[in-house]
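Examination of the molecular architecture
One letter stands for each residue in the lines below.
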Amino acid sequence: MNHLRTVDDVMVHAVISVGHDTAFKDIVETMRMWNVSALPVLADDGRVTGVVSEADLLLNGTGTDPDRATTAGRLMTRPAVTVTKDATIPAAARLMARRHLKRLPVVDGDGRLIGVVSRGDLLKVYLRPDADIAAEIRELITYRLVPRGSAEIHVHVASGVVYLHGSLTDPTLEDVVVRAAGTVPGVVDVKADFTVPVAA
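As a starting point, this report considers the structure included with it. (Residues numbered from 1 in each chain as written. Predicted model: local features only at pLDDT ≥ 70, side-chain atom pairs only at ≥ 80, totals over all residues. Heavy atoms only, no water.)

**A short note on the packing of helix α7 (residues 130-145) against helix α8 (residues 173-182)**
What counts is decided by this rule: Only the stretch in contact is used when a helix axis is fitted, and all axes are lines through C-alpha atoms; the angle between N-to-C directions ranges over 0 to 180 degrees. Where helices and strands are cited, they refer to DSSP runs of H or I of at least four residues and of E of at least two residues respectively, numbered from the N terminus. The scheme is simple: roughly parallel for angles under 35 degrees, roughly antiparallel for over 145, roughly perpendicular for 65 to 115, oblique for anything else. Less than a right angle of anticlockwise turn of the near helix away from the far helix marks a crossing as left-handed, whereas a clockwise turn marks it as right-handed. Two residues form a contact once any of their heavy atoms are found within 4.5 Å. Side-chain classes are defined by residue name, with Ala, Val, Leu, Ile, Met, Phe, Trp, Tyr, Cys and Pro counting as nonpolar, Asp, Glu, Lys and Arg as charged, and the others, Gly among them, as polar.
It is at 10 Å that the axes of α7 and α8 come closest, and there the two elements cross at 135°. Classified by the angle between their axes, α7 and α8 sit oblique to one another. When the axes of α7 and α8 are compared, the crossing they make is right-handed. Taken together, the residues of α8 that come into contact with α7 (itself represented by Ile137, Leu140, Ile141 and Leu145) are Leu173, Val176, Val177, Ala180 and Ala181. In terms of residue class, the contact of α7 with α8 is made up of 9 nonpolar, no polar and no charged.

Next comes the structure, spelled out in structure tokens:
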């Protein structure tokens with residue numbers, strides 16, 4: 001089952017891009033035609049060298065009549081903010097939020113464009129059924145985190161919110177279990193109510 005863990009799981013492979021020599025008006029027409037607000041700018045070898053956005057066009061085109069000399073290579077913001085396909089979805093989301101971006105070009109190890117990921121693509125992870133999330137958390141806790149017989153943990157998930165309750169023989173396990181549950185794709189929040197032994 002695909003758990004939508006990385007950018008590769010949700011990115012779009014067909015990407016519209018422009019070259020360094022693409023003229024201002026052709027950039028505008030491409031954005032309009034494909035209904036996008038930014039375009040990766042590629043070198044001849046396919047590497048992403050920058051991104052040209054609607055903001056770049058407005059800043060450079062207002063009050064003038066841009067001619068053929070006003071190209072993507074001159075207008076673009078560089079260096080481009082990119083992400084690799086094996087980046088985790090939370091990491092890509094943090095990068096987008098920090099840089100105030102709606103889309104990120106996805107590149108291979110050589111910096112060549114292989115796809116694009118948007119905020120909407122990243123949000124697909126939250127469409128996972130609650131039952132799938134609960135099953136993955138139970139498996140994670142039972143087989144990887146908690147030694148057999150050291151805890152009795154019940155898992156319930158509603159609208160992406162995880163509710164954990166039960167008893168732990170080791171109070172230090174609570175933080176470990178809560179943190180681990182929070183890393184499972186599709187989890188919105190984790191609430192825990194464990195019974196733990198009181199230290200003597």
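**Some words on the environment of His165**
Mapped onto the fold, His165 is located in strand β8 (residues 161-168). In the structure, His165 is positioned 30 residues away from Thr195 in sequence and 7.8 Å away in space, judged by C-alpha atoms. The contacts of His165, once residues within four sequence positions are left out, are Glu152, Ile153, His154, Asp193 and Phe194.

**What to know about the side chain of Thr30**
Here is the rule we go by: When a residue's accessible area, from a 1.4 Å probe over protein chains only, is under 20% of the maximum for its type it is buried; when over 50% it is exposed; and in between it is partly exposed.
Mapped onto the elements of the fold, Thr30 is located in helix α2 (residues 24-34). With a relative accessible area of 19%, Thr30 lands in the buried category. Not counting the four nearest positions on each side in its chain, Thr30 is found in contact with Ile16 and Leu39.

**Regarding the pairing of strand β2 (residues 38-42)**
Across a regular strand the side chains alternate sides, sitting on one face of the sheet and then on the other. For the record, the criterion: Whether two strands pair depends on DSSP finding at least two bridges between them.
Of all 5 residues in β2, 5 are buried; the element is thus mostly enclosed. Across the two faces of β2 the burial is the same, with Ala38, Pro40 and Leu42 and Leu39 and Val41 all buried. Sheet topology note: the strand β1 (residues 18-19)/β2 ladder contains 2 bridges and is parallel. Pairing of Val18 across the sheet is with Val41, part of β2. In this structure, β2 lies alongside strand β3 (residues 48-53), joined through 5 bridges in antiparallel fashion.

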